[in-house]
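Per-entry structural report
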Amino acid sequence: YFYLPHRGETRGIGGLFADDVNDAHAEVGGSFEHCFGLIRRIGDAYLDTLGAIASLQLKRSADAEERARRAVLAEPTLESARWALIEVLLAKQDFGGVAEHLLYLEQSLGISIADLTKLPKYAEFVSSDSYQHWMRSHQASATQPAGKP
């Protein structure tokens, strides 16, 4: 499952575009071919995300990173792909990348990030300069009025 911010819904891959598979909607991109292409793109990204998670568990960091980046590139709003990439970046100690993707989750997907100081796997990130930078950006975006970038 993943979250569609523009619809305010959590959806699964199987039924994502079923309401649009109708040739009567072809003029607005609702043809079967168009919808199947979207489902396939998201499905491929989801499978890459699962592959990235499995590769991380098998200590295949290069494969995990390749799959996670491919998933994020194919479907930038797929939250699970972003979290998989963050896991990869934490393992690589690429804390600038971690901060970048945490900001994306917050600002583009509206995801609230937990207090990372309480999560052991984020301990090294929390002690980094990138964390301090992220916290400043995080706090600044939290205090801006709604509708402001």
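Residues numbered from 1 in each chain as written. Predicted model: local features only at pLDDT ≥ 70, side-chain atom pairs only at ≥ 80, totals over all residues. Heavy atoms only, no water.

**Focus on the overall build of the protein**
Threshold: Runs of H or I in DSSP of at least four residues are treated as helices and runs of E of at least two as strands, each being numbered from the N terminus. Each residue's exposure class comes from its accessible area (1.4 Å probe, protein chains only) as a fraction of the maximum for that residue type: buried when under 20%, exposed when over 50%, partly exposed otherwise. Note on definitions: a residue-residue contact is assigned when non-hydrogen atoms from the two residues lie within 4.5 Å.
What the protein contains, in helices and strands, is six helices and two strands. Starting at the N terminus, the α and β elements of the protein follow one another as β-β-α-α-α-α-α-α. Within the protein, the proportion of its 149 residues that are buried is 37%. Intrachain contacts of the protein at a sequence separation of at least 6 include 42% that bridge at least 24 residues.

**Remarks on the pattern of salt bridges**
Here is the rule: Whenever Lys or Arg places a side-chain nitrogen within 4 Å of a carboxyl oxygen from Asp or Glu, that contact is recorded as a salt bridge.
This structure, assessed with the given rule, holds six salt bridges. The partner of Glu65 in a salt bridge is Arg69, and the shortest N-O contact between them spans 2.9 Å. Here Arg69 and Glu65 lie together in helix α2 (residues 61-74), a separation of four residues that amounts to about one turn. The class for Glu65 is buried, based on a relative accessible area of 16%. Overall, Arg69 belongs to the partly exposed group, its relative accessible area being 36%. Of the charged contacts in the structure, one is a salt bridge between Glu65 and Lys92, with a shortest N-O distance of 3.1 Å.

**Quick look at the confidence of the model for the protein**
This is how the line gets drawn: pLDDT expresses how confident the predictor is about each individual residue, on a scale running from 0 to 100.
When pLDDT is averaged along the protein, the result is 80, and 68% of the positions lie at 70 or above. Considering only residues more than four positions removed or in separate chains, one finds that residues 145-149, a stretch of pLDDT under 50, has one contact.

**A look at the packing of aromatic side chains**
The condition that has to hold: Between the rings of Phe, Tyr and Trp (Trp by its six-membered ring), a pair exists once the centres lie within 6.5 Å; its type follows the angle of the planes, with under 30 degrees stacked, over 60 edge-to-face, and the other angles tilted. Any Lys NZ or Arg CZ that is within 6 Å of a ring centre and within 35 degrees of that ring's normal is treated as a charge sitting over the ring.
Applying the stated rule across the entire model yields five aromatic pairs. For the ring pair Tyr122 and Phe125, a centre distance of 6.5 Å and an interplane angle of 65° mean the geometry is edge-to-face. For Phe125, a relative accessible area of 0% gives the class buried. Pairing Tyr131 with Trp134 gives two aromatic rings, centres 5.9 Å apart and planes at 40°, and the pair type is tilted. With Tyr131 and Trp134 both in helix α6 (residues 129-143), this residue pair falls three residues apart, about one helical turn. No difference in accessibility class separates Tyr131 from Trp134, as the two residues are buried. Three or more aromatic residues joined by ring pairs form one cluster here, namely Phe95, Tyr122, Phe125, Tyr131 and Trp134. Here the guanidinium or amino end of Arg82 rests over the ring plane of Tyr104, the centre of that ring lying 3.6 Å away.

**Regarding the environment of Asp129**
With respect to the helices and strands, Asp129 occurs in helix α6. Asp129 sits in the exposed class, given a relative accessible area of 68%.

**Let's talk about α2**
The following threshold applies: One fewer than the residue count of a helix, multiplied by 1.5 Å, yields its expected span. It is the directions from the helix axis to the C-beta atoms that the arc portrays.
With 14 residues, α2 extends 20 Å between its outermost C-alpha atoms, agreeing within 8% with the 20 Å of an ideal straight helix rising 1.5 Å per residue. Buried within α2 are the following residues: Ala64, Glu65, Ala68, Ala71 and Val72. Down the axis, α2 shows its buried residues gathered within 135° of arc, on one side only. Exposed positions of α2 whose direction lies more than 90 degrees from the buried face are Ala62 and Leu73.

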